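# Descriptive analysis of the structure
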Amino acid sequence: MQTKTNFIPKKEFWMFGIAGLGQGMIYAIMSSYISDFYISVARLSPMFVFFLMLFARIWDSVNDPIMGVVVDKTQAKWGMKRFIIIAPIPIAVTTFLLFFAPDISPIGKMVYASITYVLWDFVYTISDVPFWCLPNVMTPNPQERGKLISVGRTLNGIGSAVPLAIFMVLGFILPALGLTGLKLEKTKYTTIALFAAVVGNALFILVYFFAK
């Protein structure tokens, strides 16, 4: 009697990878550019940005394990996907808000940056932890599971390069349109954030519809 070794349909397999690509775009715009945006566009002090990043890492050390416990108690695939479906819109909104520099007082900017950064991290975790736990319930075959995660991680890395490519392209296009200085930098970051928020989340949500 032949034992079944492949449990994931090809379409479902690649949709997981494409979702990883979209997630990579979303994470890269925050992790690669937020510090520079805070300093060069929002004009926050480097010391404040340093302590905000430090606090965020401490927050992650609490936030991630809590979400992990919640996911561990959710054995069914559809239970995990419930977390994935509720996150994209909040992530898109908070990603845009991260790269929006309101014209307020320096103290107000620090409060705004702190709230939006921590909020983004929270809603991102809601989708990130269940997403990478999905392979555990998609197939009982460890080899197939490993291949799925490998493809997901590879496409995730490719997705993380997309904001960088757009950043470079905008560096040529926006000056040609007459933008300079602070307006140029602000427009560049806002454009990339919007692209990552909309396209990245659109790709990420595919896993909900195709991972049966």
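Now for a quick tour of the structure. Here the residue index of a chain counts from 1 through its sequence in written order. It should be noted that, the model being predicted, local features are given only for residues of pLDDT at least 70 and side-chain atom pairs only at 80 or more, the latter also being counted only at that level, while totals for whole chains, interfaces and linings use all residues. The side-chain numbers reported here are obtained from all heavy atoms of the structure, hydrogens and water having been left aside.

### Here we look at the overall build of the protein
Counting from the N terminus, the helices are DSSP H or I runs at least four residues long and the strands are E runs at least two residues long. Scanning the protein from terminus to terminus reveals eight helices and zero strands. Tracing the protein from N to C terminus, the helices and strands come up as α-α-α-α-α-α-α-α. If you line up the protein on its principal axes, its C-alpha atoms span 70 × 40 × 25 Å. Only protein chains enter the accessibility calculation, which uses a 1.4 Å probe; a residue whose area is less than 20% of its type maximum is buried, one above 50% is exposed, and one in between is partly exposed. Burial analysis of the protein (212 residues in total) assigns 46% to the buried set. Note on definitions: a residue-residue contact is assigned when non-hydrogen atoms from the two residues lie within 4.5 Å. Here the analysis covers contacts within the protein between residues at least 6 apart in sequence; of these, 84% occur between residues at least 24 apart. Per-residue and other accessible areas follow the Shrake-Rupley method at a 1.4 Å probe size, with only the shown protein chains counted as cover for residues. When the accessible surface of the protein is summed, it comes to about 10,900 Å², and 72% of that surface belongs to carbon and sulfur atoms. One way to put it: in the protein the 17 positive side-chain charges average out to a point 8 Å from where the 10 negative ones average out. A residue counts as positive if it is Lys or Arg and as negative if it is Asp or Glu; His and the chain ends are not included. Charged side chains are reduced to one point each, which is NZ for Lys, CZ for Arg, CG for Asp and CD for Glu.

### Thoughts on the packing of helix α4 (residues 88-98) against helix α5 (residues 106-138)
Following both chains from N to C, one finds α4 and α5 inclined at 150°, their axes separated by 9 Å at the closest point. Looking at the two axes, α4 sits roughly antiparallel to α5. Crossing of α4 against α5: the hand is left-handed. Of α5, the residues touching α4 (which contributes Pro90, Ile91, Thr94, Thr95, Leu97 and Leu98) are Tyr112, Thr116, Tyr117, Leu119, Trp120, Val123, Tyr124 and Ser127. A per-class count over the contact of α4 with α5 returns ten nonpolar, four polar and no charged. A fitted line through C-alpha atoms represents every axis, and for helices the fit uses only the stretch in contact; the resulting angles, taken between N-to-C directions, go from 0 to 180 degrees. Oblique is the label for any angle not under 35 degrees, not over 145, and not in the 65 to 115 range, which are roughly parallel, roughly antiparallel and roughly perpendicular in turn. By definition, any crossing whose near helix is turned counterclockwise from its far helix by less than a right angle is left-handed, and any crossing with a clockwise turn is right-handed. Asp, Glu, Lys and Arg are counted as charged, while Ala, Val, Leu, Ile, Met, Phe, Trp, Tyr, Cys and Pro are counted as nonpolar; the rest, among them Gly, fall into the polar class.

### Considering the nonpolar core
In this structure, Ile34, Phe37, Tyr38, Leu98, Phe99 and Tyr117 are the most contacted members of the largest nonpolar core, which totals 40 residues. Mapped onto this core, the elements with two or more residues apiece are α1 (10-40), α2 (46-72), α4, α5, α6 (142-176) and α7 (181-204). Element by element, the count of residues in this core is highest for α5, at eight residues. Those residues in contact with phenylalanine 37 that sit more than four places away from it in its chain are Ala42, Leu98, Phe99, Phe100, Ala101 and Tyr189. Buried Ala, Val, Leu, Ile, Met, Phe, Trp, Tyr and Cys residues form a nonpolar core when they are joined through side-chain atoms within 4.5 Å.

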